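Analysis of the macromolecular model
Below, each chain spelled out in residue letters.
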Amino acid sequence: TTLAGRLLRTGARALATSVPGATPTKAPLYINGEFIESRTKDWIEVRNPATQEVVSLVPQATPDELEEAARSSAAAFQTWRKTSILTRQRVMLEYQALIRANMDTIAKSIVTEQGKTFADAQGDVLRGLQVVEAACGITDFTMGQMLAVAKDMDTYTIREPLGVTAGICPFNFPAMIPLWMFPIATVCGNTSLIKPSERDPGATQILARLAAEAGLPAGVLNVVHGAVDTVNFLCDHPSVRAISFVGSDHAGKHIYERGTRNGKRVQANLGAKNHGIIMPDADRNHTLNQLTGAAFGAAGQRCMALSTVVFVGSSREWIPDILARAQELKVGSGFDAQTDVGPVISPQALQRIHSLIQSGVDEGAELLLDGRQVTVAAGLEKGNFIGPTILTGVKPHMKCYQEEIFGPVLVCLEVDTLDEAIALVNQNRYGNGTAIFTRSGATARKFQHEVDVGQIGINVPIPVPLPMFSFTGSRGSFLGDINFYGRNGINFYTGIKTVTSLWRAEDAGETRASVNMPTMH
Ligand code: NAD
């Protein structure tokens, strides 16, 4: 059959993956404006993490299909790059309205495939939508510079798109992370090849359909599926000029090394271990609420989760209050409006979290709250559930402190001074985010100045910057030079041409050519 012969009825099909209780559908590839079923024999099951029900099947796209997607992206670039910036801005203006109107449909798909609560899934979509809204300001973001050097000479810069760009996404923010990538890439005039996480492709499918509705031409956004083979294809293909990656250290290092070896620009957001510093002068109620939400929300599966708390001095007396708040959180299905903590993504992830908790106990930490034997509502017995868990008396050498747990587990350390807390944060290999809770401006100012972490919250637990700024995780949490979204995102997806021009009335002077370096005097 031809590609067209495999064309599916797009709209309904693109939505079908995210309905719980429906027969599993095959996630379609989206190539050149068409949703097509892969010819592969290699299908990956997407399971509802609350029930283990198979909700969809993701293809490991075949080499031919991947090649076809790359060809489509390269061809579309030739026309898309020539469209006016106002045309591209107009598509983003339409797109933001469509995402807003379809937010709940996208959120439902996220709850079904990823497990987070519905309200949290709406936040996932909203934080991505804000990037699309910021992309509407492209006309200001891409202005160049111009200097009239002399009466007949000008130098000016032009920002131009790179060509085909690729995005490789993690499971934990199925809408937000793709939206950090392709809207900025395409509004700059690039085309984009997106690979959603093979664990939850549904949100990207809906986003692709909405992008087409908003007027993004065929081939400007293509969606390819699969695991490592698809990733390696994107790292190797000569048409791909830049790769954006968000995910684990292991995959990110591989992609950074393979992509840069092939001459591509790569930005990679990696793992994290974010510390919350609690000063004794902090607003008690605000701090305890924020800390509990940031540690256990999204079942701890946020790269900016506050997974580690450092109590400074007498603030350690608040540990029983954190315990009380954590015990109040309800574990269950993300579709239950009462639920605070949904399931984690897979049985393997659950197993890994259990063993990291156990390692803490074995190394001498105290298990203040053990969520491993949590009970959930009938029908959810097979889900990957774990309740809020708190380890106290943790020491820096312990495995539960050294490794990213990525589950609803709060690791507590105690120090006597702010200097010790800062030293602890700076000795940790990660630099994604950190937060301090205090009422003292001088304390906050010292922390901000001395802490070596790219994103800092002052009485704000998850300081993910709004998209007029950039996501500036640092040290072990980032590989590359140019961050995601905001002005950095524009810089990542564009190159600069600098033009020096001379427009002089007829030159009737010297007839002998000079071989000296032009100094433009
Ligand atoms: P993951 O690395 O397992 O998967 C991410 C992507 O990489 C997927 O598309 C997957 O197909 C691909 N991949 C996985 N293993 C690979 C391999 N060996 N070779 C090539 N490609 C591979 O990450 P995940 O489990 O989906 O996401 C969770 C991780 O992402 C956590 O470590 C979290 O901290 C991190 N994360 C970081 C940020 C950030 O901004 N720093 C944001 C979100 C998530």
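- Taking an unreviewed UniProt entry as the reference, the protein is identified by name as methylmalonate-semialdehyde dehydrogenase (CoA acylating) belonging to Dimargaris cristalligena.
- Under the UniProt heading Sequence similarities (unreviewed entry), the entry covering the protein gives this text: "Belongs to the aldehyde dehydrogenase family."

Thoughts on the nonpolar core
- In this structure, Y95, I99, I106, W180 and M181 are the most contacted members of the largest nonpolar core, which totals 60 residues.
- The element contributing the most residues to this core is helix α7 (residues 176–187), with 9 residues.
- For I99, the residues in contact, after removing those within four places along its chain, are I106, V125, L129, V132, L179, L207 and L210.
- Residues A294, F296, V310 and L369 belong to the second largest nonpolar core, which totals 57 residues.

As for the site of the ligand
- In the neighbourhood of the ligand, 25 residues make up the surrounding shell, with C169, E198, S248, L270 and E404 lying closest.
- Contact between the ligand and E404: an oxygen atom at 2.6 Å from a side-chain N or O atom of the residue.
- Relative to its unbound accessible area of 830 Å², the ligand is 89% covered by the protein chains.
- In a pocket analysis with a 2 Å cut-off to the grid points, the ligand is assigned to the largest pocket.
- Among the secondary structure elements, those contributing two or more residues to the shell around the ligand are α9 (228–236), β11 (240–246) and α10 (249–261).
- Sort the elements by how many residues they give to the shell around the ligand and α10 lands first, with 3 residues.
- Here the shell around the ligand is composed, by residue class, of 13 nonpolar, 9 polar and 3 charged.

Regarding the pairing of strand β8 (residues 164–168)
- Of all 5 residues in β8, 5 are buried; the element is thus mostly enclosed.
- Residues V164, A166 and I168 of β8 are buried on one face, and the alternating residues T165 and G167, pointing to the opposite face, are buried as well.
- When β8 meets strand β9 (residues 191–195), the two strands line up parallel, connected through 5 bridges. Its bridge partner lying in β9, T165 is registered against S192.
- Running through α7, the crossover from β8 to the neighbouring parallel element β9 is right-handed.

Points about helix α5 (residues 118–135)
- Helix length check: α5, at 18 residues, gives a terminal C-alpha distance of 26 Å against a target of 26 Å (1.5 Å per residue), a fit within 8%.
- Those residues of α5 lying buried are D120, A121, D124, V125, G128, L129, Q130, V131, V132, A134 and A135.
- Packed against the buried residues of α5 are α3 (85–101), α4 (103–114), α6 (138–141) and α7.

Details of the layout of surface pockets
- Its boundaries defined by the atoms lining it, the largest pocket holds a volume of some 1300 Å³.
- Every residue lining the largest pocket is counted, 48 residues in all, and those nearest its centre are F171, R199, G247, S248 and A251.
- Those elements that provide at least two residues to the lining of the largest pocket are β4 (43–47), α9, β11, α10 and α13 (347–362).
- A per-class count over the lining of the largest pocket returns 23 nonpolar, 14 polar and 11 charged.

Regarding the packing of aromatic side chains
- Applying the stated criterion to the full structure yields 8 aromatic pairs.
- When the ring of Y30 is compared with that of F35, the centres are 4.5 Å apart and the planes differ by 35°; the resulting orientation is tilted. For the pair Y30 and F35, a shared accessibility class is recorded, and that class is buried.
- Ring pairing ties together the aromatic residues W180, F471, F484 and Y485, which thus form one cluster.
- The lysine or arginine in question, K116, covers the ring of F173, its NZ or CZ lying 4.1 Å from the ring centre.

Overview of the confidence of the model for the protein
- For the protein, per-residue confidence averages 95 on the pLDDT scale, and 96% of positions sit at 70 or higher.
- This model gives residues 1–17 a pLDDT under 50, and the stretch forms 41 contacts once residues within four places in sequence are excluded.
- Interface confidence for the predicted complex, expressed as ipTM, amounts to 0.98; the pTM equals 0.95.

Parameters and conventions
- Residues numbered from 1 in each chain as written.
- Predicted model: local features only at pLDDT ≥ 70, side-chain atom pairs only at ≥ 80, totals over all residues.
- Heavy atoms only, no water.
- UniProt positions renumbered as here; feature names shortened; annotations may be inferred.
- Core = buried A, V, L, I, M, F, W, Y, C linked by side-chain atoms within 4.5 Å.
- Buried < 20%, exposed > 50% of the residue type's maximum accessible area, 1.4 Å probe, protein only.
- Helix = DSSP H or I, 4+ residues; strand = E, 2+ residues; numbered from the N terminus.
- Contact = heavy atoms within 4.5 Å.
- Near = heavy atom within 4 Å.
- Polar contact = N/O pair within 3.5 Å; in protein donor to acceptor, adjacent residues only side chain to side chain.
- Areas by Shrake-Rupley, 256 points an atom, 1.4 Å probe, with all protein chains shown as cover.
- 1 Å grid on protein atoms, 1.4 Å probe; cavity = no way out; pocket = protein on both sides within 12 Å on 5 of 7 lines; lining within 4 Å.
- Sits in = over half its atoms within 2 Å of the grid points.
- Nonpolar A, V, L, I, M, F, W, Y, C, P; charged D, E, K, R; others polar.
- Pairing = 2+ DSSP bridges.
- Right-handed = clockwise from strand over helix to strand, strands pointing away.
- Expected span 1.5 Å × (residues − 1).
- Points joined across faces, edges and corners; volume = space filled by probe spheres on them.
- Phe/Tyr/Trp six-rings, centres within 6.5 Å; stacked < 30°, edge-to-face > 60°.
- Lys NZ or Arg CZ within 6 Å of the ring centre and 35° of its normal.
- pLDDT = per-residue confidence, 0-100.

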